[in-house]
Amino acid sequence: MDDDTRLPPVAVPPGVEDDLRRAGLRLTAPRRRVLAALARRGHATPEEVAGEVSGDGGGRLPASTIYRNLESLASAGVVRHSHLDHGAPSYHLAEHGDHLHLVCRGCGTVLEADPALAADLAAGLRALHGFAADVTHMAIHGHCERCLPRP
């Protein structure tokens, strides 16, 4: 078992412990470390979380532990994830709020935008197809201003 007692206390967002309890989970040391890694990184793939956790001064966490904790934290509503490309999902703390991901195909930069910008799209999908789209956390691919092809 890893000795996480040497780590400084990690603050968790308000309500996280209650959300976990409601989901039948505890706020374990590995979950605290994963949450802290996400708080430091903002958005991160499981591999990026593993890299962040490996440098936090605690013991090694196996990749399977990181994946399981991300899944359980997402199930409890404490973290959210998006698929920005065909690779691993990107996770972030739920308190980070809803936003669109604007993913540049040129340089890979990920920008955030207000989901209200997609309200007309969601309304059109509902009107034309009877489909209620959740646009609060989708990825839109294109080119950032720097990579935009010039005529």
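The following refers to the structure shown. (Residues numbered from 1 in each chain as written. Predicted model: local features only at pLDDT ≥ 70, side-chain atom pairs only at ≥ 80, totals over all residues. Heavy atoms only, no water.)

**Considering the overall build of the protein**
- When its secondary structure is counted, the protein shows 5 helices and 5 strands.
- The helix and strand sequence of the protein, counted from the amino end, reads α-α-α-α-β-β-β-β-α-β.
- C-alpha atoms of the protein, sized along the principal axes, occupy 55 × 35 × 25 Å.
- By the burial criterion, 35% of the 151 residues in the protein qualify as buried.
- Partitioning the contacts of the protein with sequence separation of at least 6, the portion at a separation of at least 24 is 56%.
- Element-wise, carbon and sulfur atoms account for 54% of the exposed surface of the protein, whose accessible area totals about 9,100 Å².
- Across the protein, 16 positive and 19 negative side-chain charges occur, with their mean positions spaced 4 Å apart. (Helix = DSSP H or I, 4+ residues; strand = E, 2+ residues; numbered from the N terminus. Buried < 20%, exposed > 50% of the residue type's maximum accessible area, 1.4 Å probe, protein only. Contact = heavy atoms within 4.5 Å. Areas by Shrake-Rupley, 256 points an atom, 1.4 Å probe, with all protein chains shown as cover. Lys, Arg positive; Asp, Glu negative; His and termini not counted. Charge placed at Lys NZ, Arg CZ, Asp CG, Glu CD.)

**A short note on the nonpolar core**
- Counting 19 residues, the largest nonpolar core has L35, L38, V49, V78 and V79 as its most contacted members.
- Among the elements that make up this core, the one with the highest residue count is helix α2 (residues 29-41) (4 residues).
- Among residues more than four places away in sequence, those in contact with V79 are L35, L38, L70, L73, A74, Y91, H92, L93 and A94.
- If you look at the next biggest cluster of nonpolar residues, it comprises 5 residues, including L100, A113, A118 and V135. (Core = buried A, V, L, I, M, F, W, Y, C linked by side-chain atoms within 4.5 Å.)

**What to know about the layout of surface pockets**
- If you add up the space inside the largest pocket, you get close to 220 Å³.
- Considering the residues around the largest pocket, the lining is formed by 15 residues, among which T45, L84, D85, G108 and V110 are closest to the centre.
- Across the lining of the largest pocket, the residue classes break down as 5 nonpolar, 6 polar and 4 charged. (1 Å grid on protein atoms, 1.4 Å probe; cavity = no way out; pocket = protein on both sides within 12 Å on 5 of 7 lines; lining within 4 Å. Points joined across faces, edges and corners; volume = space filled by probe spheres on them. Nonpolar A, V, L, I, M, F, W, Y, C, P; charged D, E, K, R; others polar.)

**Some remarks on the sheet that holds strand β5 (residues 139-142)**
- Reading across the sheet, the 3 strands line up as β4-β3-β5 and stay open at both edges, with mixed pairing between neighbours. One side of each edge strand has no neighbouring strand; the edge strands of this open sheet are β4 (110-113) and β5. Here the strands of the sheet are splayed against their neighbours by 25° on average, with no regard to which way each runs. (Pairing = 2+ DSSP bridges. Axes fitted to C-alpha atoms, helices over the stretch in contact; angles between N-to-C directions.)

**A closer look at the side chain of R31**
- Following the sequence through the fold, R31 ends up in helix α2.
- Buried charge R31 goes without a salt bridge, the closest partner of opposite sign being E17 at 10 Å.
- Of the polar contacts made by the side chain of R31, one reaches the side chain of N69; its length is 3.1 Å.
- Setting aside residues no more than four positions away along its own chain, R31 makes contact with L25, R26, N69, S72 and L73. (Salt bridge = Lys/Arg side-chain N within 4 Å of Asp/Glu carboxyl O. Polar contact = N/O pair within 3.5 Å; in protein donor to acceptor, adjacent residues only side chain to side chain.)

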